[in-house]
Amino acid sequence: TFTDSGGESHGAVVEMLRACAAQLLLATLAFLLLYVITGPEGSPGGSHFALLVLYLAALWVGKLTAPFKKLPPLLPMLLVGFLLRNVPELGTMIGKQVDPEWSSALRLSALTLILTRAGLAMDLNALLRLRFVVLRLAMLPCLCEATAAALLATWLLDFPPLWAAMLGFVVAAISPAVVVPSLLALQDQGFGVEAGIPTMVVAAAPLDDVLSIAGFGICLGISFAESSWLNYARAPLELLLGLGTGMIGAALLAVLTPSSNEEEGAKDLRLLLLLSAALCTAFGLREVGFSGAAALAVLVLGAGCARGWGPAAKPVSASIADLWTRLAQPLLFSLVGASVVVTDLETETLAGGLLIIFIAGLVRFCAVMLALSGRGMKQQEKFFTAIAWTPKATVQAALGGLALDEAREDNEELLGRRLLAVAVLCILVTAPPGATLIALMGPRLLQKVDKPEVEDTGLDKPEMDVVPAETLPGELENC
């Protein structure tokens, strides 16, 4: 027995060494190929070299921390980017060498991927059947926290009203990437099922994020609009343009690649068309000055394609999820981390940001308790839902740097860096404690049933392959 055990251990070590050697060889070949193609830009000190280092470092750290199921993968990836920008020697060779235009384009591409996946995951029929309590849970805490954070930002950070509103919507978005896996784990154990808490939170999560993204985008568009008359019509124009562009694109793709088309290669064609349309929409609308409409248009495009393609949309969604996990996620979070420069941050910004996050979080907590009133829930169930409705992560990373990308003047750049710093602080302060508190407090505050049966809330029991908002299958495995 001891011999067999020793042989198995030796075999496992050999396999691990082989895998590490293969990864090292692959990375070496990638750097050599980059140098051959791009020349000096692909050598140490070049911008392309810096991007590849950031990507590979974030990818490997994400894999190393994957066994820690309660640790969202975005946190170590953010930390890697932050270290590669702020550690003296590494920062000079890597972090400072990242081309701002490349960074902006890659972050927008990653955000487009998130929004496309969010749209594909939306069940429009289920959303139409949502009960008022779910709508209240999605809207009231988000708007209350955004308002509180915006008012505090004008006082503590001297933000102009529109910039304060942008910061408010960035801070207000919760993270299904952290919340949903934790709730589904509790549901599998039977906690909170009788009260319908997992179903309710899973249904409300995408609406909360859509509201935050749309609000941020509209404020962003108004802030950087050059024409004065356009400012007054900006909000309805962004809304109509986003809805119209997304609906037209979805209708066109549904007609060109109908769900009845089951030929070989149909899935790949749908995937390529959807990604191309989403990226062209996002970059095109941003180019003409309608960044807010871009986010809404991509969401509507994904939702419309999901409706038009029916079951055929699932393999497309799975492919986008895989692309996010393997490529976009490490790039996005490492670049966001590398955008934070410690020497540029003022103590006043950090202290003010922490105070904003804490006070606005308390406002959200109270708003959740209010939103759940009148439903017959026990006090401890309301308390747990308020705890589960606090973690922030992916949306903050995706939106935090957009205002900085649009900055044209020194003052705007300073405000953009402050906003990004508060967004990163929000992730660090809320995501790890939030995930831990959900896991610890769920069994203590929620009632357990032996055979979980979801209460009839007007919603179907959430499936693992249909995930709301920006949460992706890869994140469910790694969170």
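Residues numbered from 1 in each chain as written. Predicted model: local features only at pLDDT ≥ 70, side-chain atom pairs only at ≥ 80, totals over all residues. Heavy atoms only, no water.

**Digging into the overall build of the protein chain**
Consideration 1: If you tally the helices and strands in the protein chain, you get 20 helices and zero strands.
Consideration 2: Taking all 479 residues of the protein chain together, 53% fall into the buried category.
Consideration 3: When contacts within the protein chain are restricted to residue pairs at least 6 apart in sequence, those whose partners lie at least 24 apart make up 82%.
Consideration 4: As displayed, the protein chain offers around 21,500 Å² of accessible surface, 66% of which is attributable to carbon and sulfur atoms. (Helix = DSSP H or I, 4+ residues; strand = E, 2+ residues; numbered from the N terminus. Buried < 20%, exposed > 50% of the residue type's maximum accessible area, 1.4 Å probe, protein only. Contact = heavy atoms within 4.5 Å. Areas by Shrake-Rupley, 256 points an atom, 1.4 Å probe, with all protein chains shown as cover.)

**What to know about helix α7 (residues 132-156)**
Consideration 1: Over its 25 residues, α7 runs 35 Å from end to end, which matches the ideal 36 Å to within 8%, given 1.5 Å per residue.
Consideration 2: Looking one or two residues past α7, Asp158 carries a phi angle of roughly 60 degrees, positive in sign. (Expected span 1.5 Å × (residues − 1).)

**Points about the packing of aromatic side chains**
Consideration 1: Throughout the structure, instances matching the rule amount to two aromatic pairs.
Consideration 2: Here the aromatic rings of Phe31 and Phe49 are separated by 5.2 Å at their centres, their planes lie at 45 degrees, and the arrangement is tilted. Of this pair, Phe31 sits in helix α1 (residues 2-38) while Phe49 sits in helix α2 (residues 47-64), and the two are 18 residues apart along the sequence.
Consideration 3: Among the residues examined, Phe49 registers a relative accessible area of 13% and is labelled buried.
Consideration 4: Between Phe365 and Phe383 the ring centres are 5.3 Å apart and the planes differ by 75 degrees, which places this aromatic pair in the edge-to-face class. Of the two residues, Phe365 is situated in helix α15 (residues 347-371) and Phe383 in helix α16 (residues 379-388); the sequence distance between them amounts to 18 residues.
Consideration 5: Looking at Phe365, the relative accessible area reads 22%, which means it is partly exposed.
Consideration 6: What makes Phe383 partly exposed here is its relative accessible area of 36%. (Phe/Tyr/Trp six-rings, centres within 6.5 Å; stacked < 30°, edge-to-face > 60°.)

**As for the nonpolar core**
Within soluble globular proteins, side chains that are nonpolar generally end up buried alongside one another.
Consideration 1: Membership of the largest hydrophobic core comes to 85 residues, with the highest contact counts inside it found for Phe159, Leu167 and Leu274.
Consideration 2: At 11 residues, the largest contribution of residues to this core is made by helix α19 (residues 410-445).
Consideration 3: Those residues in contact with Leu274, other than ones at most four positions away along the chain, are Thr116, Leu120, Leu253, Leu301, Cys305, Trp309, Val316 and Ile320.
Consideration 4: Ranked by size, the runner-up nonpolar core spans 27 residues in total, among them Val133, Ile174, Ile438 and Leu445. (Core = buried A, V, L, I, M, F, W, Y, C linked by side-chain atoms within 4.5 Å.)

**Examining the pattern of salt bridges**
Consideration 1: All told, the structure shown has seven salt bridges when counted by the stated rule.
Consideration 2: A salt bridge links Lys392 to Glu145; the nearest nitrogen and oxygen atoms lie 2.8 Å apart. Note that Lys392 is positioned in the loop between α16 and α17 (394-400) and Glu145 in helix α7, a separation of 247 residues in sequence. Grouping residues by exposure puts Lys392 and Glu145 together as buried. (Salt bridge = Lys/Arg side-chain N within 4 Å of Asp/Glu carboxyl O.)

**Observations concerning the packing of α7 against α15**
Consideration 1: Contact pair α7 / α15: the axes reach a minimum separation of 8 Å and the direction vectors enclose 150 degrees. Compared by their axis directions, α7 and α15 come out roughly antiparallel. The two elements α7 and α15 meet at a crossing, and its hand is right-handed.
Consideration 2: Classifying every residue of the contact of α7 with α15 by side-chain character gives 20 nonpolar, two polar and four charged. (Axes fitted to C-alpha atoms, helices over the stretch in contact; angles between N-to-C directions. Parallel < 35°, antiparallel > 145°, perpendicular 65-115°, else oblique. Left-handed = near helix turned anticlockwise from the far one by under 90°. Nonpolar A, V, L, I, M, F, W, Y, C, P; charged D, E, K, R; others polar.)

**Section: the state of the cysteines**
Defined simply, a disulfide is a covalent bond joining two cysteines at their sulfur atoms.
Consideration 1: By the definition in use, this model includes zero disulfides.
Consideration 2: Note on Cys144: no disulfide assigned, nearest cysteine sulfur contributed by Cys142 at a separation of 9.3 Å. (Disulfide = S-S within 2.5 Å.)

**Topic: helix α3 (residues 74-86)**
Consideration 1: For α3, spanning 13 residues, the distance from its first C-alpha to its last is 18 Å, which sits close to the expected 18 Å at 1.5 Å a residue.
Consideration 2: Regarding α3, the residues found buried are Leu74, Leu75, Pro76, Met77, Leu78, Val80, Gly81, Leu84 and Arg85.

**Things to note about the confidence of the model for the protein chain**
Consideration 1: Per-chain confidence: the protein chain averages 80 in pLDDT, with 83% of residues scoring 70 or above.
Consideration 2: Low pLDDT (under 50) marks residues 451-479, which in the prediction has 94 contacts with non-local residues, meaning those over four places away or in another chain. (pLDDT = per-residue confidence, 0-100.)

**Quick notes on the environment of Ala306**
Consideration 1: Inspection of the secondary structure puts Ala306 in helix α13 (residues 291-309).
Consideration 2: Among the residues examined, Ala306 registers a relative accessible area of 14% and is labelled buried.
Consideration 3: Distance from Ala306 to Val316, taken between C-alpha atoms, is 9.4 Å for residues 10 residues apart in sequence.
Consideration 4: Aside from chain neighbours lying at most four places away, what touches Ala306 is Gly119, Leu120 and Ala313.

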